[in-house]
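One-letter residues, chain by chain:
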Amino acid sequence: MAKKRTQPEEVAPEHEETKEMETSQTEETAPKSLKKQKNENSGSTVTKTEKHVDENRKNLNKKFNQIIQKDFDRTAKKKLIDEFLRSHEGKLLSICHKHDGSRVIQASLKFGEKDQRSKIVSELKEHVATLANSKYARFLVLKMLKYTPREYFAEMRGLLLKSRDKLIGMKEGIQILERLYTESTSNKEKKEIICSFYGKEFFILKKSQTLDQVIKENPGMRLAISQQLDKIVKKLIDKSMFEFTIGHRLIYDYFTLATSEEQKYIIEAINEESLKLMTSREGTLLIVHALAQGSAKDRKLIIKAMKGFVKDSAVHPYGYLAIVQALSTIDDTVLLNKVITSEVKAGLEDIITQNNGLKMLLCLLSSNNAKY
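Residues numbered from 1 in each chain as written. Predicted model: local features only at pLDDT ≥ 70, side-chain atom pairs only at ≥ 80, totals over all residues. Heavy atoms only, no water.

**Q** Tell me what's going on with the overall build of the protein, and back it up with residues and numbers.
**A** Counting secondary structure elements, the protein contains 26 helices and 0 strands. Within the protein, buried positions represent 45% of all 372 residues. As displayed, the protein offers around 20700 Å² of accessible surface, 50% of which is attributable to carbon and sulfur atoms. (Helix = DSSP H or I, 4+ residues; strand = E, 2+ residues; numbered from the N terminus. Buried < 20%, exposed > 50% of the residue type's maximum accessible area, 1.4 Å probe, protein only. Areas by Shrake-Rupley, 256 points an atom, 1.4 Å probe, with all protein chains shown as cover.)

Right, dumping it as structure tokens:
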């Protein structure tokens, strides 16, 4: 008598952004929770479908381990990647949201030849903005940005920037924008990325000018750009995403356009995040402004956040500016001695041998000299 097959039950998707894809997936990619539920409810042994799912995952993991092996020569790896791409042609999107599927595609991009990379990118590039907000597929997008053949890169970059407002507010998506921004090959490319957040009118008509120039020549645009940035900055602050340099730039630009009340709001939001902000030029300038304009409470919180990292900040390309500002504006000598002065003295021998550390000392010794 033939064994009756158990029909798989519907299971909620693991991620909201992949809801439509998950519900349309075949039994081949059914989640583990389905196994458990079926076995508990029916008391049956593992079904053929479940065995197939396990076998598929084992095959993906085996393929990944083979591709990354150092003792496999280039020809052997090319053959393995060809076999993988042939067996998953048209199915890459369905597996890249899963941990095992994502990493085998990443390995194929890293170790594959140009034609193999082109095949992967051509199949996935239209979905790159959705993948960027996925738990596992975002790592694949980072690999795509690194290994994508030049002829596809501009198109993929454009697709990501079209979804910039959605990506900037998500911890997964902002990592993709950060990679685009920090690894741009020219200041012009960086400027285009930043200007795209100012609004369509600025991006289309004024992208050849700086923000200051545009506001000076068109005062009426100040409010529109400020309102556009306000929505983005609030997302960054609400989710405490202060570790990204692209976020530093956007917050700083908003700060320069903001009213005194809005600036106060920014200062209160960043007063305990000084270490994260002092990794970039714009972030450090935000801390400098906060020390100059903030309340005594704000200054105290900023200084306390630096505790244990003053020496590193003193020799940092931008961080030393915040140390100079703190020593120049804060009159609480007890706090300064406890946090800053004591650490500067302890690391003085190392500080004076570094260019930025020397600049900091010269700034303090020649405070009215514009050279420093």
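That shown, we press on.
**Q** Got a sec to walk through the pattern of salt bridges? Specific residues and values, please.
**A** Applying the stated criterion to the full structure yields 12 salt bridges. Note that glutamate 113 is salt-bridged to arginine 74, the shortest N-O span being 2.7 Å. Pair noted here: glutamate 113 is in the loop between α6 (99-111) and α7 (114-124) and arginine 74 is in helix α4 (residues 74-87), with a separation of 39 residues, a long-range link. Lysine 125 is paired through a salt bridge with glutamate 126; the nearest N and O atoms lie 3.3 Å apart. Lysine 125 gets classed as buried once you look at its relative accessible area, which sits at 11%. (Salt bridge = Lys/Arg side-chain N within 4 Å of Asp/Glu carboxyl O.)

**Q** Report on the packing of aromatic side chains, specifying residues and quantitative values.
**A** This model, assessed by the stated rule, comprises 0 aromatic pairs. Note that lysine 77 overlies the ring of phenylalanine 111, its terminal NZ or CZ placed 4.1 Å from the centroid. It is lysine 190 that lies over the ring of tyrosine 181; its NZ or CZ is 5.5 Å from the centre. (Phe/Tyr/Trp six-rings, centres within 6.5 Å; stacked < 30°, edge-to-face > 60°. Lys NZ or Arg CZ within 6 Å of the ring centre and 35° of its normal.)

**Q** Help me get a handle on the packing of helix α23 (residues 319-329) against helix α24 (residues 333-346), residues and values and all.
**A** Where α23 meets α24, the closest approach of the two axes is 11 Å, and the angle between their N-to-C directions is 155°. Relative to α24, the element α23 lies roughly antiparallel. Of the two elements, α23 crosses α24, and the hand of that crossing is left-handed. Residue-level inspection shows Ile323, Ala326 and Leu327 of α23 in contact with α24, the latter providing Leu336, Ile340 and Thr341. (Axes fitted to C-alpha atoms, helices over the stretch in contact; angles between N-to-C directions. Parallel < 35°, antiparallel > 145°, perpendicular 65-115°, else oblique. Left-handed = near helix turned anticlockwise from the far one by under 90°. Contact = heavy atoms within 4.5 Å.)

**Q** So what about a nonpolar patch on the surface? Which residues, and what values?
**A** Taken together, Leu348, Ile352 and Leu358 make up a surface patch of nonpolar side chains, about 230 Å² in accessible area. Mapped onto the elements of the fold, leucine 348 is located in helix α25 (residues 348-351). The partly exposed category is assigned to leucine 348, whose relative accessible area is 36%. (Patch = residues over 30% accessible without salt bridge, like charges linked within 9 Å, V, L, I, M, F, W, Y side chains within 5 Å.)

**Q** Talk me through the side chain of serine 274; I want residue IDs and the actual numbers.
**A** Within the fold, serine 274 resides in helix α19 (residues 274-277). There is a polar contact of 3.3 Å between the side chain of serine 274 and the backbone oxygen of isoleucine 302. (Polar contact = N/O pair within 3.5 Å; in protein donor to acceptor, adjacent residues only side chain to side chain.)

**Q** How would you explain helix α16 (residues 221-238) if you had to name every residue and give the values?
**A** For α16, spanning 18 residues, the distance from its first C-alpha to its last is 26 Å, which sits close to the expected 26 Å at 1.5 Å a residue. Of all the positions in α16, only Met221, Ile225, Ser226, Leu229, Asp230, Ile232, Val233, Leu236 and Ile237 are classed as buried. Serine 240 occupies a position one or two residues after α16 and carries a positive phi of about 55°. (Expected span 1.5 Å × (residues − 1).)

**Q** An account of helix α17 (residues 245-257) is requested, with residue identities and associated values reported.
**A** With 13 residues, α17 ought to run about 18 Å at 1.5 Å a step, and its terminal C-alpha atoms sit 19 Å apart, in line with that. Here α17 lies mainly inside the structure; 11 of its 13 residues are buried. Residues of α17 that are buried: Thr245, Ile246, Gly247, His248, Leu250, Ile251, Tyr252, Asp253, Tyr254, Phe255 and Leu257.

**Q** Could you give an account of the side chain of serine 226, with specific residues and numbers?
**A** The topology assignment puts serine 226 in helix α16. Looking at serine 226, the relative accessible area reads 7%, which means it is buried. Ignoring any residue separated from it by four or fewer positions in sequence, one finds serine 226 in contact with Tyr254, Leu257 and Glu262.

**Q** Which residues make up the packing of α17 against helix α20 (residues 281-293), and what values do they have?
**A** Where α17 meets α20, the axes come as close as 8 Å, and the angle between the chain directions of the two elements is 40°. With respect to α20, the element α17 is oriented oblique. In the crossing of α17 with α20, the sense of the turn from one axis to the other is left-handed. Residues His248, Arg249, Ile251, Tyr252 and Phe255 of α17 lie in contact with α20, whose contacting residues are Glu282, Gly283, Leu285, Leu286, His289 and Gln293. The residue inventory of the contact of α17 with α20, partitioned by class, reads 5 nonpolar, 4 polar and 2 charged. (Nonpolar A, V, L, I, M, F, W, Y, C, P; charged D, E, K, R; others polar.)

**Q** Report on unusual backbone geometry, specifying residues and quantitative values.
**A** In this structure, serine 240 takes a positive phi of about 55° despite not being glycine. When you line up the elements, serine 240 lands in the loop between α16 and α17. Classification of serine 240 by relative accessible area gives partly exposed; the value is 37%.

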